[in-house]
Structure formats: C-alpha cells, structure tokens
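The lines below spell out each chain.
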Amino acid sequence: MRAGVYKGNSLIQTEEIPTPNPGPNQIVVRVKYSAICGSDVHGWQYDAVAPGHVLGHEFYGEIHSIGSNVSKWKIGDRVTGGGEPPPELDRNLVRGPRFNFRTQGMTRVEIKAYAEYMLMEEWAALEVPNAVSDEEASLAEPISIAVHAVRKSNLKLGDTVLIIGAGPIGLFCIQTAKAAGASNVIVSELNDSRRTAAKAVGADHLINPDSENLDDRLMELTEGKGADIVFECAAAKPTIDQALDSATRNGQVVLVAIPWTPVSIMPVNWQAREIELITVFGAKPIDWRIGLELIRIGKINVSPLINEASFIQLDNLQEAFKTLSDPSTTDQIQMIVKL
Ligand SMILES: [Zn+2]
C-alpha cells in the first residue's frame, strides 16, 4: 500500500509499505480521508517523530477486513477513531503519569492514517452515523477535542467566551461553546479567511489583533468585565498571556492548543483575579460520540473550513505540511488527504 512515511529531518515521503493483515481482534480500515492536524505538523516541524512513523489520526474509512474473533464489525462498516476506552495494558504502554507529549508522543513507530489501509484494534473504532458524511467524519477527532475542552471547562449557560485562534480547533470550539449555551462568543484571529470562517460558524464578535487592541475591544464588548471562559487555541508566543489577561475575576482559561516553544507570561497583570488555568489534551470516547451527534443534528458545520482546494493527494503531504507550518501564508484552514 502507499503511505506518507516520516523520514526524519522534517521530511515525509510517499512509499510503498506492506498492507496490514488483521490479527484475531483487529480490523483493517480502507482509509478514504485523512485530515492534517496541527499536532502532526508540529511533530514534523520540530523533528519529534520517529523515522518510519506514518502520522495521521483524523480519518474516515470503511472496514476492509476483520480478524477471526471480531464480531462487532463487518466489512464495509463506516468508521473513524474514538471507539472504546483502551484496555489498561494499552493505556499504560502509551501514556504514563509523567507523559511528555514532545519527547514521547510520536516516538513509537506506528502506521496510522496517512496510508491507504490502517490496522486498528476492534475496540478503537467508532461507527459513523449515516447522516454524517465521509468528509465530516474525517474531522471527528478535532471536533472531539473541542467537545472535550468545553465539557472540561466551567462554561455555564449565558457565559461570555473568548476564543483566541480560529484554526480548525478554534472554529470547532466556537460551535461547541455555542451548543453548550455560551451567549457571547468573541473570537480573536489574525488571518482573514479564518475570521470569515469564525463568523460563518456563529462567532458573535470578531477581533483582528493586528489592527485592533485585543484588550480594549474585549473591554468594550464585555462592559469592562472580561471573559468568563477563554479557550486558548492559537499557541502563538503572546496568546497564553493574552488569554490569562482576558479572563474576568475567578474566570477560567482552557489551554487547548499546544505551544512547542517557550512562552512568556506576566502574572502580576492578572494573578490577583484568582483565575483558573486548566489544560486539556485529546478526548474521551464520549466526546467523539457527542461530536458526531452534534454534526448529525446540525450544531456543527464543517463546510466553512473546507473547499475544493482543501483536498490533496498523498504525494502532496510534504508540501501541505510546509504550508500549514506557517498558517499566515495560506487561506486554507483544513487540509485533507483523499486516499
Ligand atoms: Zn488531531
């Protein structure tokens, strides 16, 4: 089968590698769409991926073959990730109590979804409802991240929410925060096409921090109060400090994006407001199910994130990673490999 293999030194090459066969409790999925995640781009950019690794964890596919003990699935079933919680053994293998995503996250050689076929444990797959399209299902993972972030936050009906960064995760946080009852969702984003998408998915107010002062605009829009909840979805140098400074007294900052370089913060500006900072990472199976349900009932719309040019071939993966490593150079919000 063809796969986009990481070769080291920020290089992905399309290669022919063996097509997997399922063990007794495994399934093989024919991958149809595999979306490019910012965390994959970071791993590539900072050369934190083991050579030989095939990245890609945002996918949609159909079951191609099943192992002899598999009773839950049949060939042709429509699936994505996020199935059941992993058994204890698998959990410990992957993430211990001092798990460090930068040094341990992508250092095991795994063959994931930038490939024509993907081997999965049967518990790891999740059925895609009929009303959810193949393309929508390929974004179930980033949607589950936003669902997880909102469910872990203190968000209450009627809250004011600030979302910093309107890449795919920020755009899904807008929609999940709205679905959870936020009444005033303010979005700060530099990139024009991302701000347009933020409006299209339901942001109430947009701030361009390039031409406007974020703090001044936020005070204007919140009558000097600040945001009840801030979702930090940018991971740019100043944005964590901005997020903390934007929170109201006893407000909460949810660190969703993952900065890979040191960031500076100025605690004296906001510490006296007794702000809570929480981190989120990944999602639980329940978050994936809720995400798919939100698509099904029309509370999440993926179309403002994609257009015809979003779909690329496996051979263009290296080029797409290069483009996405500096989002200011592109109008594309979400790129998806069509396999
Ligand atoms: Zn992802």
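Please refer to the structure placed before this passage.
Predicted model only: the values in this text are computed from it and were never measured. (Residues numbered from 1 in each chain as written. Predicted model: local features only at pLDDT ≥ 70, side-chain atom pairs only at ≥ 80, totals over all residues.)

1. Looking at the overall build of the protein
Looking only at helices and strands, one finds 11 helices and 15 strands in the protein. Taken against the 2.2 N^0.38 rule, which gives 20 Å for 339 residues, the C-alpha radius of gyration of the protein at 20 Å falls within 12% of a compact globule. Projecting the C-alpha coordinates of the protein onto the three principal axes gives extents of approximately 60 × 40 × 40 Å. Across the 339 residues that make up the protein, the buried fraction comes to 47%. Taking as baseline every contact in the protein between residues at least 6 positions apart, the subset at least 24 positions apart corresponds to 74%. (Helix = DSSP H or I, 4+ residues; strand = E, 2+ residues; numbered from the N terminus. Rg over C-alpha atoms; globule rule 2.2 N^0.38 Å. Buried ≥ 20, exposed ≤ 12 C-beta atoms within 10 Å, placed from the backbone. Contact = placed C-beta atoms within 7 Å.)

2. What about unusual backbone geometry?
Of note, the phi angle at A235 is positive, near 60°, even though the residue is not glycine. With respect to the helices, strands and loops of the structure, A235 is situated in the loop between β11 (227–232) and α9 (239–246). On the neighbour-count criterion, A235 (21 C-beta atoms within 10 Å) is buried.

3. Concerning the environment of G105
Within the element layout of this structure, G105 appears in the loop between α3 (101–104) and β6 (117–121). In this structure the C-alpha to C-alpha distance between G105 and G43, which are 62 residues apart in sequence, comes to 8.7 Å.

4. Description of the packing of helix α5 (residues 140–152) against helix α6 (residues 168–179)
Here α5 crosses α6 at 50°, and the two axes come no closer than 8 Å. When the interaxial angle is binned, α5 and α6 end up oblique. The hand of the α5/α6 crossing is right-handed. On α6, the residues that touch P142, I143, I145, A146, V147, A149 and V150 of α5 are P168, I169, F172, C173, T176 and A177. Taken together, the residues of the contact of α5 with α6 sort by class into 12 nonpolar, 1 polar and no charged. (Axes fitted to C-alpha atoms, helices over the stretch in contact; angles between N-to-C directions. Parallel < 35°, antiparallel > 145°, perpendicular 65-115°, else oblique. Left-handed = near helix turned anticlockwise from the far one by under 90°. Nonpolar A, V, L, I, M, F, W, Y, C, P; charged D, E, K, R; others polar.)

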